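# Breakdown of the fold
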Amino acid sequence: MKLLTHNLLTSKCLKGVTVGYPLAIVAKEVKVNEIDFNPEFISRMIQKVDWAALCKAAENLGHSDELPPNVVDDYENNEEFLKKAHHFLMEIEVMNGDLICPETGRKFPVTDGIPNMLANEDEV
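Reference entry: report on the structure contained in this document.

The rules behind these values
- Residues numbered from 1 in each chain as written.
- Predicted model: local features only at pLDDT ≥ 70, side-chain atom pairs only at ≥ 80, totals over all residues.
- Heavy atoms only, no water.
- Pairing = 2+ DSSP bridges.
- Helix = DSSP H or I, 4+ residues; strand = E, 2+ residues; numbered from the N terminus.
- Contact = heavy atoms within 4.5 Å.
- Axes fitted to C-alpha atoms, helices over the stretch in contact; angles between N-to-C directions.
- Parallel < 35°, antiparallel > 145°, perpendicular 65-115°, else oblique.
- Left-handed = near helix turned anticlockwise from the far one by under 90°.
- Nonpolar A, V, L, I, M, F, W, Y, C, P; charged D, E, K, R; others polar.
- Core = buried A, V, L, I, M, F, W, Y, C linked by side-chain atoms within 4.5 Å.
- Buried < 20%, exposed > 50% of the residue type's maximum accessible area, 1.4 Å probe, protein only.
- Phe/Tyr/Trp six-rings, centres within 6.5 Å; stacked < 30°, edge-to-face > 60°.
- Lys NZ or Arg CZ within 6 Å of the ring centre and 35° of its normal.

Taken together, 4 strands build an open sheet; the order of strands is β1-β2-β3-β4 and the sheet is antiparallel. Looking at the sheet topology across the chains shown, the edges are occupied by β1 (24–32) and β4 (114–115). Bridge analysis of β1 against strand β2 (residues 92–100) gives 8 bridges, and the strand direction is antiparallel. For Ala 27, the partnering residue across the bridge sits in β2 and is Gly 97. Packing against the sheet, helix α4 (residues 79–91) makes contact with β1 and β2, and its axis sits at approximately 60 degrees to β2.

Geometry of a packed helix pair, given as the angle between the helix axes and the separation of the axes. Where helix α3 (residues 51–60) meets α4, the axes come as close as 11 Å, and the angle between the chain directions of the two elements is 60 degrees. Classified by the angle their axes make, α3 and α4 are oblique. Between α3 and α4 lies a crossing whose hand is left-handed. Mapping the contact onto sequence places Trp 51, Leu 54 and Ala 58 in α3 and Phe 81, Ala 85, Phe 88 and Leu 89 in α4. Here the residues of the contact of α3 with α4 are counted per class, giving 7 nonpolar, no polar and no charged.

If you look at the biggest cluster of nonpolar residues, it comprises 32 residues, and the most contacted ones within it are Ile 46, Trp 51, Leu 54, Leu 89 and Leu 99. Elements that contribute at least two residues to this core include exactly α1 (3–8), α2 (39–46), α3, α4, β2 and β3 (107–111). With 6 residues, α4 is the single largest residue contributor to this core. Setting aside chain neighbours within four positions, we find Leu 99 in contact with Met 1, His 6, Leu 9, Leu 23, Ala 24, Ile 25, Arg 106, Lys 107, Phe 108, Val 110, Pro 115 and Met 117.

Here the structure, examined in full by the defined rule, presents 2 aromatic pairs. Considering the side-chain rings of Tyr 75 and Phe 81, the 6.4 Å spacing of their centres and the 55 degrees angle between planes classify their relative orientation as tilted. By relative accessible area, Tyr 75 is classed as buried at 11%. Its end group placed over the ring of Phe 108, Arg 106 keeps NZ or CZ at 4.4 Å from the ring centre.

Time to look at unusual backbone geometry. Geometrically, the link from Tyr 21 to Pro 22 is a cis peptide bond, its omega value of -10 degrees lying close to zero. Mapping Pro 22 onto the fold places it in the loop between α1 and β1. One non-glycine residue, Asp 74, lies in the positive phi region at around 55 degrees. When its relative accessible area of 48% is taken as the criterion, Asp 74 is described as partly exposed. A positive phi angle, near 50 degrees, is found at Asp 112, a position not held by glycine. Relative to the helices and strands, Asp 112 is located in the loop between β3 and β4. Asp 112 gets classed as exposed once you look at its relative accessible area, which sits at 59%.

Put into structure tokens, the structure is as follows:
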């Protein structure tokens, strides 16, 4: 599961959950895979990303050393910033672990890089 995916997931569908975001990450296995850099895609995605949640996720995974704490001004034209954002959003992957709802503590497993966000009938 890429950190971009994590940034978009919520457990709001669970009974009694009002926000369900951001999900905590407890990683058992993390991989870093090199992926072709696409500055246009990253530039468009930064508008949709909760940057504070991305920073927290990167910190939880022990990969926050190069991530700027804030989105820089004029990021669309800042290739260095876009490359760093690309690395954190696209190249760091949680292969196995759990995502945890911040309100209920419900765990959602991540297996082979795929988060299982299915809720049981009694949870919705």
